Amino acid sequence: MSIGTKIKSIRELKNYTQEYVADRLEMTQAGYSKIEKGSTSLSFEKLEQLAIILELPIADIINFDIERYFRNRRSTEKEQTYHTDKNTIIKRLYEDKIVLLERLLGKTDSELRFYKDKFGVL
């Protein structure tokens, strides 16, 4: 994958338009488009500016792999789902425990009333 294609993929993932990036680079959209297409060379200074605009280190831009990005993203989403499910299960267990404790307290209260009535204790 060429550097231009990587830049384009990152830009699209960030939902940036070519016009937006070109404006931030102080160049025309047509000129910026040539960078993405690889039909013009990319200076190191422009790459540094792109790194700032795309909010990524230069090394991450150069090493960007869209397949790895989506694999990692799916993995992260699965982990988040797992943690959400785990937290939901724990929350339900605590709620069930609270219900059981409330029932136990109610039963204990009724037994106390029974013995107070039986033995005349106030």
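Sequence order sets the numbering: in each chain, residues are counted from 1 along the sequence as written. Only residues with pLDDT of at least 70 are given local features in this predicted model, and only at 80 or more are side-chain atom pairs given and counted; all residues enter the totals for whole chains, interfaces and linings. For side-chain calculations, the full set of non-hydrogen atoms in the structure is used, while hydrogens and water are omitted.

(A) A look at the side chain of lysine 6. Residue placement: lysine 6 occurs in helix α1 (residues 3-13). Of the side chains bearing the opposite charge, aspartate 65 lies closest to the buried lysine 6, which forms no salt bridge; the N-O distance is 7.9 Å. Counted as a polar contact is a pair of N or O atoms within 3.5 Å, where, for protein atoms, one must be capable of donating a hydrogen and the other of accepting one, and residues adjacent in sequence contribute only when both atoms are in side chains. A polar contact of 2.5 Å, which involves the side chain of lysine 6, links it to the backbone oxygen of isoleucine 62. The residues contacting lysine 6, other than those within four sequence positions of it, are Met1, Ile61, Ile62, Asn63 and Phe64. Here a strand is any run of E in DSSP of at least two residues, a helix any run of H or I of at least four, and the numbering for each starts at the N terminus. Only protein chains enter the accessibility calculation, which uses a 1.4 Å probe. A residue is then buried if its area is under 20% of the maximum for its type, exposed if over 50%, and partly exposed in between. Charged residues are defined here as Lys and Arg on the positive side and Asp and Glu on the negative side; His and the ends of the chain fall outside this count. Any Lys or Arg side-chain nitrogen located within 4 Å of an Asp or Glu carboxyl oxygen qualifies as a salt bridge. We call two residues in contact when some of their heavy atoms are within 4.5 Å.

(B) Expanded view of unusual backbone geometry. One non-glycine residue with positive phi stands out, namely glutamate 26, at about 60°. Secondary-structure assignment places glutamate 26 in the loop between α2 (18-24) and α3 (29-37). The exposed category is assigned to glutamate 26, whose relative accessible area is 74%. Here glutamate 55, not a glycine, exhibits a phi torsion of approximately 55°, which is positive. Structurally, glutamate 55 is set in the loop between α4 (44-54) and α5 (58-62).

(C) Highlighting a nonpolar patch on the surface. A surface patch of nonpolar side chains, amounting to about 450 Å² of accessible area, comprises Phe114, Tyr115, Phe119 and Val121. Examined against the element boundaries, phenylalanine 114 turns out to sit in helix α6 (residues 66-119). Under the relative-accessibility criterion, phenylalanine 114 is labelled partly exposed at 47%. Patch criteria: residues need more than 30% relative accessible area and no salt bridge. Like-charged residues are merged within 9 Å; nonpolar side chains of Val, Leu, Ile, Met, Phe, Trp and Tyr are merged within 5 Å. Note that accessible areas follow from Shrake-Rupley with a 1.4 Å probe, and for residues the cover is restricted to the protein chains shown.

(D) Structural context of the nonpolar core. Core analysis: the biggest nonpolar cluster contains 16 residues, and Ile7, Val21, Leu25, Tyr32, Leu50, Leu54 and Ile61 have the highest contact counts within it. Among the elements of the structure, α1, α2, α3 and α4 are those that each provide at least two residues to this core. For this core, the element with the highest residue contribution is α4, accounting for five residues. Contact partners of isoleucine 7, with chain neighbours within four places excluded, come to Tyr32, Ile35, Leu42, Leu50, Leu54 and Ile61. In this description, a nonpolar core means a group of buried Ala, Val, Leu, Ile, Met, Phe, Trp, Tyr and Cys residues linked to one another through side-chain atoms lying within 4.5 Å.

(E) How the structure looks around the side chain of glutamine 18. By the secondary structure assignment, glutamine 18 is in helix α2. According to the relative accessible area criterion, glutamine 18 is buried, its value standing at 16%. At 2.3 Å, the side chain of glutamine 18 forms a polar contact with the side chain of glutamine 29. Ignoring anything within four residues of it in the chain, the contact list for glutamine 18 reads Arg11, Gln29, Tyr32, Ser33 and Glu36.

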